[in-house]
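Coordinate inspection notes
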Amino acid sequence: DTAVSQTPKYLVTQMGNDKSIKCEQNLGHDTMYWYKQDSKKFLKIMFSYNNKELIINETVPNRFSPKSPDKAHLNLHINSLELGDSAVYFCASSQDRRGRQPQHFGDGTRLSIL
Amino acid sequence: RKEVEQDPGPFNVPEGATVAFNCTYSNSASQSFFWYRQDCRKEPKLLMSVYSSGNEDGRFTAQLNRASQYISLLIRDSKLSDSATYLCVVNPTTSGTYKYIFGTGTRLKVLA
């Protein structure tokens with residue numbers, strides 16, 4: 001009974017393609033996040049949704065478009081993939097948007113652009 | 001100054017040793033603090049939250065020093081399995097937007 005699950009775990013594709021990553025949480029949390037961890041291992045917030053409402057949108061190229069159909073799901077669509085998009089993408093959730101409770105992470109999607 | 005700073009290490013310690021890491025934060029209004037552990041190519045996993053009075057969980061002790069704006073993690077009786085990267089996370093609680101800010105992590109290697 002995985003708490004935060006992401007699919008796919010590995011994604012290998014060519015430059016210019018469009019791809020999606022899905023995330024689901026069964027913790028009953030209100031808030032979900034997408035992070036990018038690059039080769040330097042730094043975890044950087046990309047987006048956050050609270051009850052389907054976008055609340056954090058960092059400086060991310062508009063090729064990246066998150067979508068939250070309900071509070072248990074947060075998907076990430078990436079258009080026109082570039083070499084620099086190669087990274088591990090982590091989905092996370094937390095109880096609410098106030099940040100007083102810890103986040104729980106999915107096991108990541110390893111994206112490699114050829 | 002970075003919002004959250006950690007010594008990247010690596011800290012190489014023998015099994016059984018005690019090791020401590022610090023993490024400094026820049027926003028004095030920060031309210032929430034956490035330590036996560038990340039193994040190579042895996043997701044960050046919550047190790048412990050850090051409470052104002054300090055807290056302990058088995059061999060792990062976390063402390064918060066608001067005056068000097070840092071949190072610490074102490075690991076006693078290190079095990080080989082403690083080898084990982086330890087991430088400090090701070091919620092700076094800027095008005096209206098709550099973000100978790102991650103440090104770059106401190107790498108620990110416990111040696112046999």
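Residues numbered from 1 in each chain as written. Chains lettered and ligands numbered in written order. Predicted model: local features only at pLDDT ≥ 70, side-chain atom pairs only at ≥ 80, totals over all residues. Heavy atoms only, no water.

Let's shift gears to the layout of surface pockets. In this approach, a probe sized like a water molecule rolls over the atoms, and the result shows the empty space that is left. In this structure, the largest pocket occupies an estimated 530 Å³ of space. What lines the largest pocket is a set of 23 residues, and nearest its centre among them are K41 of chain A together with Q38, C40, R41 and T85 of chain B. At the level of elements, β9 (87-94) of chain A together with β9 (84-91) and β11 (106-111) of chain B are the ones that each hand at least two residues to the lining of the largest pocket. Considered as a void within the structure, the second largest pocket measures approximately 260 Å³ in volume. Forming the boundary of the second largest pocket are 14 residues, of which F42 and K44 of chain A together with E3, I101 and F102 of chain B lie nearest the centre. If you tally residues by element for the lining of the second largest pocket, the top one is strand β5 (residues 43-50) of chain A, at three residues. Tallied by class, the residues present in the lining of the second largest pocket amount to eight nonpolar, one polar and five charged. (1 Å grid on protein atoms, 1.4 Å probe; cavity = no way out; pocket = protein on both sides within 12 Å on 5 of 7 lines; lining within 4 Å. Points joined across faces, edges and corners; volume = space filled by probe spheres on them. Helix = DSSP H or I, 4+ residues; strand = E, 2+ residues; numbered from the N terminus. Nonpolar A, V, L, I, M, F, W, Y, C, P; charged D, E, K, R; others polar.)

Contact residues are listed per partner, giving 20 residues for chain B and 22 residues for chain A. The largest contributions to the chain B side of the interface with chain A come from Y98, Y100 and F102 of chain B, which together make up 33% of the buried area. Linking chain B with chain A are one salt bridge, by the criterion used here. Measuring nitrogen to oxygen at the nearest pair gives 3.2 Å for the salt bridge that ties E58 of chain A to K99 of chain B. Applying the counting rule to chain B against chain A returns eight residue pairs in polar contact (both at pLDDT 80 or more). Those elements that provide at least two residues to the side of chain B that touches chain A are β4 (32-38), β5 (45-49) and β9 of chain B. (Contact = heavy atoms within 4.5 Å. Buried area = accessible area lost by both parts, 1.4 Å probe. Salt bridge = Lys/Arg side-chain N within 4 Å of Asp/Glu carboxyl O. Polar contact = N/O pair within 3.5 Å; in protein donor to acceptor, adjacent residues only side chain to side chain.)

Moving on, we come to the state of the cysteines. Taken as a whole and assessed by the stated rule, the structure comprises two disulfides over all chains. Disulfide partner of C23 of chain A: C91 of chain A, at an S-S distance of 1.9 Å. Residues C23 of chain A and C91 of chain A are joined by a disulfide whose S-S torsion is about -80 degrees; by sign, that bridge is left-handed. Here C91 of chain A lies in strand β9 and C23 of chain A lies in strand β3 (residues 19-25), a separation of 68 residues in the sequence. Here C23 of chain A matches C91 of chain A in class, with each residue buried. Covalent S-S linkage joins C23 of chain B and C88 of chain B, the inter-sulfur distance amounting to 1.9 Å. Negative torsions about the S-S bond denote left-handed disulfides, and the value of about -65 degrees found for C23 of chain B with C88 of chain B makes this one left-handed. (Disulfide = S-S within 2.5 Å. Buried < 20%, exposed > 50% of the residue type's maximum accessible area, 1.4 Å probe, protein only.)

Turning our eyes to something else, we now look at the environment of S20 of chain A. Residue and element names in this part refer to chain A. Mapped onto the elements, S20 comes out in strand β3. When its relative accessible area of 37% is taken as the criterion, S20 is described as partly exposed. For the pair S20 and I78, spaced 58 residues apart in sequence, the C-alpha to C-alpha distance is 6.1 Å. With residues up to four places along the chain from it excluded, the contact list for S20 reads P8, L11, L76 and H77. In terms of polar contacts, S20 uses its side chain to reach the side chain of H77, at 2.6 Å.

Residues and elements named next belong to chain B. One open sheet holds the five strands; their spatial order is β1-β3-β8-β7-β6, and the pairing between them is antiparallel. Where the open sheet ends on each side, the last strands, each with one partner, are β1 (4-6) and β6 (55-57). Neighbour to neighbour, the strand axes of the sheet diverge by 20 degrees on average, direction disregarded. Looking at chain direction, β1 and strand β3 (residues 19-25) are connected through three bridges and run antiparallel. Paired with E5 across the strands is T24, a residue of β3. (Pairing = 2+ DSSP bridges. Axes fitted to C-alpha atoms, helices over the stretch in contact; angles between N-to-C directions.)

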